[in-house]
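# Fold and contact review
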Amino acid sequence: MTTPLTQGRISEEIAERREAYTKAVTVGAPERSHPDRGYAPYRSSVLRHPGKPLVALHDPEAVELSGPVFGVTDVTALDHDLTRQHQGEPLGERIKVTGRVLDRDGRPVRGQLVEVWQANASGRYAHQRDDHPAPLDPNFTGVGRCLTDDQGAYEFVTVKPGAYPWRNHVNAWRPAHIHFSLFGNAFTQRLITQMYFPGDPLLAYDPILQSVTDDSARERLVAAYDHDLSTPEWSLGYRWDIVLDGPAATWIEEGR
Amino acid sequence: MSTTPSQTVGPFYGYALPFAKGGEIAPAGHPDALAVHGYVYDGAGAPVPDALIEIWQPAPDGSRRGAPGSLRRDPVTGAVIGRSDVGFTGFGRVGTDADGHYELRTMPPGGVPYLSVIVFARGLLHHLHTRIYLPGLTDTVTDPLLAGLEPERRATLLAVAHGERLHRFDIRLQGDAEHEETVFLAFD
Ligand SMILES: [Fe+3]
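Residues numbered from 1 in each chain as written. Chains lettered and ligands numbered in written order. Predicted model: local features only at pLDDT ≥ 70, side-chain atom pairs only at ≥ 80, totals over all residues. Heavy atoms only, no water.

## As for the overall build of chain B
Looking only at helices and strands, chain B features one helix and 10 strands. The secondary structure elements of chain B, listed N-terminal to C-terminal, are β-β-β-β-β-β-α-β-β-β-β. Rg of the C-alpha trace for chain B: 17 Å, near the compact-globule value of 16 Å for 188 residues, within the 12% margin. If you line up chain B on its principal axes, its C-alpha atoms span 55 × 40 × 35 Å. (Helix = DSSP H or I, 4+ residues; strand = E, 2+ residues; numbered from the N terminus. Rg over C-alpha atoms; globule rule 2.2 N^0.38 Å.)

## Thoughts on the interface of chain B and chain A
Counting from both sides, the interface comprises 73 residues of chain B and, opposite them, 85 residues of chain A. Summing both sides of the interface, chain B and chain A together bury roughly 6900 Å²; the carbon and sulfur share of this comes to 59%. On the chain B side of the contact with chain A, Gln7(B), Tyr15(B) and Arg64(B) bury the most area, a combined 12% of that side's loss. Here chain B is connected to chain A by six salt bridges. Here Arg131(B) ties to Glu64(A) by a salt bridge, and the two come within 2.8 Å at their closest N and O atoms. The interface formed by chain B and chain A contains 41 residue pairs in polar contact (both at pLDDT 80 or more). Elements with a minimum of two residues in the side of chain B that touches chain A: strand S2 (51–56), strand S3 (91–95), strand S5 (114–121), strand S6 (128–133) and strand S10 (185–187) of chain B. (Contact = heavy atoms within 4.5 Å. Buried area = accessible area lost by both parts, 1.4 Å probe. Salt bridge = Lys/Arg side-chain N within 4 Å of Asp/Glu carboxyl O. Polar contact = N/O pair within 3.5 Å; in protein donor to acceptor, adjacent residues only side chain to side chain.)

## Examining the coordination of the iron ion
All names here are of chain A. Those donors, Tyr125 (OH), Tyr164 (OH), His177 (NE2) and His179 (NE2), are the protein atoms that reach the iron ion, and they lie 1.9 to 2.2 Å from it. Its four donor atoms give the iron ion angles of 89 to 159° at the centre, a pattern that matches the irregular case. Each donor residue of the iron ion belongs to the same chain, and together they define the spacing Y-x38-Y-x12-H-x1-H. Of this pair, Tyr164 sits in strand S6 (residues 164–166) while His179 sits in strand S8 (residues 177–182), and the two are 15 residues apart along the sequence. Residue Tyr164 is classed as buried on the basis of its relative accessible area of 5%. Take His179: its relative accessible area is 2%, and that puts it in the buried class. (Donors = N, O, S within 2.8 Å, 3.2 Å for Na, K, Ca; no water. Tetrahedral: all angles 85-135°; square planar, octahedral: opposite > 155°, others 65-115°. Buried < 20%, exposed > 50% of the residue type's maximum accessible area, 1.4 Å probe, protein only.)

## A short note on the sheet that holds strand S9 (residues 191–196) of chain A
Residues and elements named next belong to chain A. Reading across from one edge, S4-S3-S8-S9 is the order of the four strands in this open sheet, with antiparallel pairing throughout. Whereas interior strands pair on both sides, the edge strands pair on one side only; in this sheet they are strand S4 (143–147) and S9. With strand direction ignored, the average angle separating the axes of adjacent strands in the sheet is 20°. (Pairing = 2+ DSSP bridges. Axes fitted to C-alpha atoms, helices over the stretch in contact; angles between N-to-C directions.)

## Quick look at helix H1 (residues 7–26) of chain A
Residue and element names in this part refer to chain A. Taking 1.5 Å as the rise per residue, H1 with 20 residues should run 28 Å; its terminal C-alpha atoms sit 28 Å apart, in good agreement. Looking at H1, one finds that the buried residues are Gln7, Ile10, Glu13, Ile14 and Tyr21. Taken end-on, H1 shows its buried residues confined to a sector of 130°, consistent with a single buried face. Exposed positions of H1 whose direction lies more than 90 degrees from the buried face are Glu19, Lys23 and Thr26. Here the buried face of H1 lies against helix H2 (207–210). Following H1 by one or two positions, Gly28 has its phi on the positive side, about 110°. (Expected span 1.5 Å × (residues − 1). Arc of directions from axis to C-beta.)

## Some thoughts on the nonpolar core
Ranked by size, the top nonpolar core spans 38 residues in total, and within it Tyr154(A), Phe180(A) and Ile242(A) carry the most contacts. At the level of elements, H1, strand S2 (94–102), strand S3 (113–118), strand S5 (153–159), S8, S9 and H2 of chain A are the ones that each hand at least two residues to this core. The contacts of Ile242(A), once residues within four sequence positions are left out, are Arg100(A), Val101(A), Leu102(A), Tyr154(A), Phe180(A), Leu182(A), Leu191(A) and Thr4(B). Grouped together as the second largest cluster of nonpolar side chains are 31 residues, Tyr164(A), Tyr13(B), Tyr114(B) and Leu185(B) included. (Core = buried A, V, L, I, M, F, W, Y, C linked by side-chain atoms within 4.5 Å.)

## With respect to the side chain of Glu54(B)
Among the secondary structure elements, Glu54(B) is positioned in strand S2. Owing to a relative accessible area of 0%, Glu54(B) belongs among the buried residues under this scheme. Side-chain polar atoms of Glu54(B) contact the side chain of Arg190(A), separated by 2.6 Å. Contact partners of Glu54(B), with chain neighbours within four places excluded, come to Phe183(A), Phe187(A), Arg190(A), Phe91(B), Gly92(B), Arg93(B), Ser116(B), Val117(B), Ile118(B) and Phe120(B).

Have a look at this one:
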């Protein structure tokens, strides 16, 4: 009989990984925003990451320095409001989530597609493979899209997602989060990530969030509650800015 | 500015990200269209049924501007109605099926011999870039990426032609005893 994999064991592994990273940085290793793809506390990563180093490519003609574009035909006016996609109102705490998408130089990423998906207020996805026995909400699907504006800003209206269990280890619970998918001006800037909520007691236990071993990088995945974004008698507001990675050089075509 | 970290796409993107005709990059019925299909495997050689593949490429005329409309919507019903056959968007997105299989139909890329690929998957904390090189278009001696790779590594980037317009391209997220790991790319 195998010993059940406890949160205690996973938390030890999380602490070991974080200490090893901090020690490496102290002796001169570069700081890293992104998680290590081979992060064993997240067990599903073990067989799904390359064992060989990535091949660095310095090619100013690389196609990846350009990227797809999206336009008004790709989104409809209601796509950013996840509370208005059904006949009735979804259950849960209504929230607005807004922020800006920027590149590494702080320039706004304009007119690009932002996609979100999330569990409902009970922690259940409207996905057929989600078998968490929490109730589905007939008035909530949890999928939204928008294009960033000229300042790189995006905005979604939704409900706060619930935590949900998963099977990484015994009593594993994902903190509340919204999945975000972002496009920059180059394919190299592509990013899929997750936004978390401040003060969530589950943040420390979650190997997916904790895979980001750099403390300040990890904090960048947590939105800020912004009282000025809250609407009286209606909704609470969160602000979350996103900075896309990618090379300084992006491929520019005349007239773009 | 400090960048926002990546996180896994997770298991439940399937009802959110894939869209109708996501793998149909070529205009319907175009005589020059080519098909690429293959499997995504993990380090135990098992197929990965929850990977998401994205493709980006120049238009056949070499333009890298792309066109909007990959997810073209009906303004009344909101339903995705797919690309128009007017603008070539150059962008495709397909999930793997229960067998870890994907397929797409596109046009030959103009000016380069490859399709750019991003792989996302449950279990993969940060996506991976690779390229599908099309054998009929590729000169392995002069290509700046392929020329620098050992032959067995280079082979992982070359699609295998099955007939004139059908290509097979498998992706191995991690090598195993018998199989070479796919070459993944870093741009900096
Ligand atoms: Fe999730």
